[in-house]
Every structure is written in structure tokens, then in C-alpha cells.
Number of protein chains: 2
Amino acid sequence: MEIIFLGTSSAVHSKERNHPSIAIKAFGETILFDCGEATQRQILHSSVSPMKISKIFITHYHGDHILGLPGLLQSMSLNGRESKLTIYGPKGLNKIKDAIYSLGYCVIEYPVEFIEIDSGIIVDNEEYFITAQRVKHNTLSLAYSIEEKKKPRFLREKAIELGVPVGPAFGRLHNGEEVEIDGKIIKPEQVLGEPRKGTKITYSGDTRPCEEMIMFARDSTLLIHESTFIQKDSINAEEYGHSTSVDAAYTARDSNSKELILTHISTRYGDEYADIMLKEAKKIFENTKLAYDLMEIEL
Amino acid sequence: MEIIFLGTSSAVHSKERNHPSIAIKAFGETILFDCGEATQRQILHSSVSPMKISKIFITHYHGDHILGLPGLLQSMSLNGRESKLTIYGPKGLNKIKDAIYSLGYCVIEYPVEFIEIDSGIIVDNEEYFITAQRVKHNTLSLAYSIEEKKKPRFLREKAIELGVPVGPAFGRLHNGEEVEIDGKIIKPEQVLGEPRKGTKITYSGDTRPCEEMIMFARDSTLLIHESTFIQKDSINAEEYGHSTSVDAAYTARDSNSKELILTHISTRYGDEYADIMLKEAKKIFENTKLAYDLMEIEL
């Protein structure tokens, strides 16, 4: 999976940090999480192809997380997109849809489906599932996780022992199908190892630190967590329904996540404060990085 | 007057050219014409202070000219703006207003007035007037001009000859007031020279070449004209309701404008085409420039 941080500011952007958006390239798709204003411009400077975006997940409807949607949708149409796009978000998405379509002459000539969702499994296909979880912001806000479905190891020697001929039957068994060999049924569980956990990426959206977020992020390969404030401004974090870098680090530690990337950084902090932010998180959770715009990482 | 080209692309932006917006700093105000997506981000990279923007004029409601409005309005509020902002645009502006206010949680805590306008004088104050004119696009679209009110020269020698004492009476007469000197009334027209034409900037918005545009741009100090296509693509210009660089140059020549700046450039053209665009306009109207993003000029 490739993760591209298209925008890493909070509500107030700066020259260096655009409004929030994260793209994940995986399973032959590109999936976008949030879409702040100028996300399509950030995309131009990244390795993301807007035409390959298949799904967009919105955490909540504060302007900094959604104002890039109208332009992105219209530009895809101008560029001749034909394939369907699905947009997911908490209750209120249909109102957003109406506003997008009434904001001037809006021509979108490919199918776009808007789906209002709540906590639970949202997408479940052969390769991955995406789950949503209500978190604690000053408005209804969802966190999301995307988790790879990893096949158990195929026990080749065991299969040969059971008389399965080397060839297509191996693949069918690995894919969970039974096969018949000389009148004998071989079941997949006879030749498959223990279940294996796939890569899991969790994105907090905007939230206060909370038990729901810790449970939801459990065993993440990567936790991308908002970190609007440094610890000395924790009173602001509380007032506006956000987290500090220390809050994010505790969530990473307590959820047994492997890696933490801090994003949604208040632009009130210059470079020296960014250092403070990273240092104070690292004291609690060593494997922490601070996101910057157009940062691309591979898992 | 200072003119800042915040965005110079047409509907499809590029790394180099953002969606249309032009700021004019004059008379202690900053006035914005059009506001494509990411205009607020372009502003960050320019000399424009968003808090000083007093008026925004929208030419028409295609997305590339308006999608920066919601974010700009909200950011000004986040930054504590208190002063009033007035937004002008053709019929349909109230629908845009409703869409802006329903696009998520939109908090705008300073007064914003939306005024639907048509051809005619829109602003007329002591220092300047702004005029709108319907032009020929594939939707209702306005061109705008801003014109300085320049006082006639004050004929100092003539005033002294008439017995006006050097001092505040000079200023009052120059400002159009009568003064009484030793029981004798001196009228301003006795001490003022011929009417003088002030600086006039005309912005075409999106339009086909047309008589209305030529008349409206008459005697402009600077004509900022859309130039979406080069002449060999004039068929596209016709199809989409736009102008070529040659159309813009003829309008500059026929309106007796002093200078022409081409903007709203299709991003299908790379640098070499930009050269062609400029060259073919210059053949018809020598004093032509091609706008680029963040270009600032002073008149």
C-alpha cells in the first residue's frame, strides 16, 4: 500500500500545509480520505491519478475536510471520466451532495453515488475491508480503517502429501475452494496455515482521545492520527474537540499500533514547534513521524 | 493600482496555472474578480491580504470561477474578520449563497452581502466606479471595469489671480466646493482645468469577441481579456463561448485600449504554445502581455 499525504494542516492552511486529504493506493484502486480545498491541485503535484480514485471517505463536514470535493468531481468530468465514483460519509452527506450540485453550473457526467454511513463495516470485498467508527469531535465524525485480507499460508508439502497434483488445484485450494482428487475431497482447511493479519491502516479524522479510537485502531500497522496541538495547548484541543501529539501517541501505544503518523497540524506552529510536537509524541511512542504535504510512504 | 493575477488557467488547471482570480489593490481596498478553487492558497503566495478584500465580483457561475468562494469566506471568519464583505454577481448569486451556506458546517461571523446585478454602474463612490456589462459566453456572464475618478487639474495661478488665498480654500475648490472670498463667490469651475480620464481597467471574464465587449472596454488603460485558445483552435473557442488570443487582440485594438493582458489560458498549451499565443496577439496589438500566476503589475 502507498499512502500519500495530500494535505496536512488543520482548519487554517499555510504555504506549506494544505487542508486535509490522504490518498491510499492499494488493490489496484486509489482511495481518498477527506478532500479539503485544493486537494485536486495537490494531486497534480503527487503520484496520484485522480481518474483512478474509486472511493472517497469523508470523516465529517467541516469545510477544511470537504471543500475540495466540488472541484475534484467537476474536473474528473471535464477530463472525461466515465467510471463510477462512490463517496461515503456520515449522516448529512446528501445535503452536501445537494450543495455541490447547486454550486453554480455543475456538470458531472459519470456516475457518482453518495452513501451515508455510520459505525461498522462499510466495504467488504475479496481483498480488503473498510470500517468506520464514530469518534469524539465537536460534530459527528468518523474514523476509518482499511485492512487487507491476507490469505493463510498455503501448506505445499501437506497438499502434495494428500495427493494434490502440483498445478491449478493449489490455487483453488488457496482461494478457499474444495477440490476432488481421485474421488477424494480435499478441503482448504487441510492445506492452509493459521489465519494471518493483513496490513491495517487507521485514520482518526478529527477526534478527542477516546476509548472508541483506541479500540478501533487496535493492532494497526499504521495509525494516522490528528495532532492539531502540542501538549501545552491541550486546553485548545479540549475546547475544539481535537487531540494533542501526546494524545495521539497514547492512542498509538494503547491500541498496540506499530507506527504512528501525526497529521492535521495547526499552522500556528512553525518548524521549531513541529520538532516539539514530534519529540513529545516520540517520548511516549517511539515509532512516530510527522506528516508533511506530499509525503509518500509505502507499507 | 496594483493588479495581481492569482489564477490564469481556464477550466482545467495545471501545476503552473490555477483557476481564475484577479485582485486589484486600489483606493485603500482590495477588490477580487472571480474566485476559482484554491484562490485562498494563491493569496498566501502573493502580496494580497485576504482581510483587506472588501468586494468580490463574480463574472459567471462556472466552477472554475467560483469554487474558491466557500473556503475564502470561511477562512476569513476563522481569522477573525469583522468588516463587511460584498459579493456581486449576475442573476443566480442567491442560489450560490445558499449552496455555500449548506456546504457542511459553514460559520461566517462577519457580515457578507450578496448582490445580484446586471449591466450598468454597480459601485459609484468619490474615488472610482465599477461597471458591469453582459457579454457573450455560453451562460449569462458579465465583464467588469473599474475606473478611477480623476479630479481636473487645479489652476493655481488662476485661483491666486481671483484672490483666493493659498491654503485650505484651494483644497475645497479642488474638491468641487464653492468658497467665499471677501464676499465674492468663487466657483470650482473657475479654477479647475478640463475633465481628466482616470485609469480604467477592464476585465472580460469569459466571452466570445463581440461589439458589447469592444464598447465596454473603450479607452481602457488596461484590458485583461480571456484568451482560452490560440487562433488555430478558433473552432473550440466558438464551440465553448470563448475567445482566441487574436480575438482578444482585435478587441484591444478596436476598443482603443492602451495595454492588453491575456489570461484564462487553456492548459492544453505548453510553453511553446504560450509563445505562439503571445506572438499572434502582438501582430495585431503590440502592447500585449501573457499573464502568469502571481504576476503583479502596477499601473
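Everything below is about the structure printed above this text.
Position labels on residues start from 1 in each chain and follow its written sequence. Chain letters and ligand numbers both follow the written order, the letters beginning at A and the numbers at 1. Under the rules for a predicted model, residues below a pLDDT of 70 receive no local features and side-chain atom pairs below 80 are neither given nor counted, while totals for whole chains, interfaces and linings still include all residues. As a convention, hydrogens and water are excluded, and side-chain values are obtained from all of the structure's heavy atoms.

Q: Which parts of the structure should I look at to understand the relation of the copies chain B and chain A?
A: Copies of the same chain, two in number, are related to each other by a rotation about an axis and a translation along it. Our superposition of the copies is a least-squares fit, built on the C-alpha atoms of residues whose pLDDT is at least 70 in both. Mapping chain B onto chain A is achieved by rotating through 180° and translating by 0.0 Å along the same axis, at an RMSD of 0.0 Å. In the structure described here, the two chain copies are related by an operation that fits a two-fold rotation axis. Here a residue-residue contact requires only that any non-hydrogen atoms of the pair lie within 4.5 Å. When you check the interface residues of chain B against chain A, 100% turn up at the interface there too, and the contact is symmetric in its surfaces.

Q: In this structure, what is going on with the sheet that holds strand S15 (residues 288-290) of chain A? I would like to understand it.
A: The pairing of strands in a sheet comes from backbone hydrogen bonds and takes either a parallel or an antiparallel form. Residues and elements named next belong to chain A. When DSSP finds at least two bridges between two strands, those strands are taken to pair. Put simply, DSSP marks the helices as runs of H or I at least four residues long and the strands as runs of E at least two long, and each gets a number from the N terminus on. A sheet is described by the order of its strands in space; here seven strands give the open sequence S7-S8-S9-S12-S13-S14-S15, paired in mixed fashion. On the outer flanks of this sheet lie strand S7 (120-124) and S15, each paired with one strand and no other. Going across the sheet, the axis of each strand differs from the next one's by a mean of 20°, ignoring polarity. Bridge count between strand S13 (residues 222-226) and strand S14 (residues 260-263): four bridges; the pairing is parallel. Across the sheet, the residue bridging to Leu-223 is Leu-260, located in S14. Where helix H10 (residues 245-254) meets the sheet, its contacts fall on S13 and S14, and the angle it forms with S13 comes to roughly 155°. Throughout, an axis means a line fitted to C-alpha atoms (over the contacting stretch in the case of helices), and angles, computed between N-to-C directions, take values from 0 to 180 degrees.

Q: Would you mind showing me how to read the interface of chain B and chain A here?
A: By a widely used convention, the size of an interface equals the accessible area lost when the partners come together. Each side of the interface is counted separately: chain B has 39 residues, and chain A has 39 residues. Carbon and sulfur atoms supply 60% of the area buried between chain B and chain A, which totals about 3200 Å² over both sides. The buried area of a pairing is the accessible area, by a 1.4 Å probe, that goes missing from both parts when the two are put together, added over both. Together, Arg-41, Leu-103 and Tyr-105 of chain B form the three largest contributors to the area buried by chain B at its contact with chain A, with a combined 22%. We define a salt bridge as a contact between a side-chain nitrogen of Lys or Arg and a carboxyl oxygen of Asp or Glu at a distance within 4 Å. Counting across the chain B and chain A interface gives zero salt bridges. By the criterion applied in these results, polar contacts are pairs of N or O atoms within 3.5 Å in which, for protein atoms, one can donate a hydrogen and the other can accept it, and in which residues neighboring in sequence qualify only through two side-chain atoms. Connecting chain B to chain A are 16 residue pairs in polar contact (both at pLDDT 80 or more). Elements with a contribution of two residues or more to the side of chain B that touches chain A: helix H1 (39-44), helix H2 (63-66), helix H3 (69-78) and helix H4 (93-102) of chain B. Throughout this entry, Asp, Glu, Lys and Arg are counted as charged residues, while Ala, Val, Leu, Ile, Met, Phe, Trp, Tyr, Cys and Pro are counted as nonpolar. The remaining residues, Gly among them, count as polar. Residue classes in the side of chain B that touches chain A are distributed as 15 nonpolar, 17 polar and seven charged.

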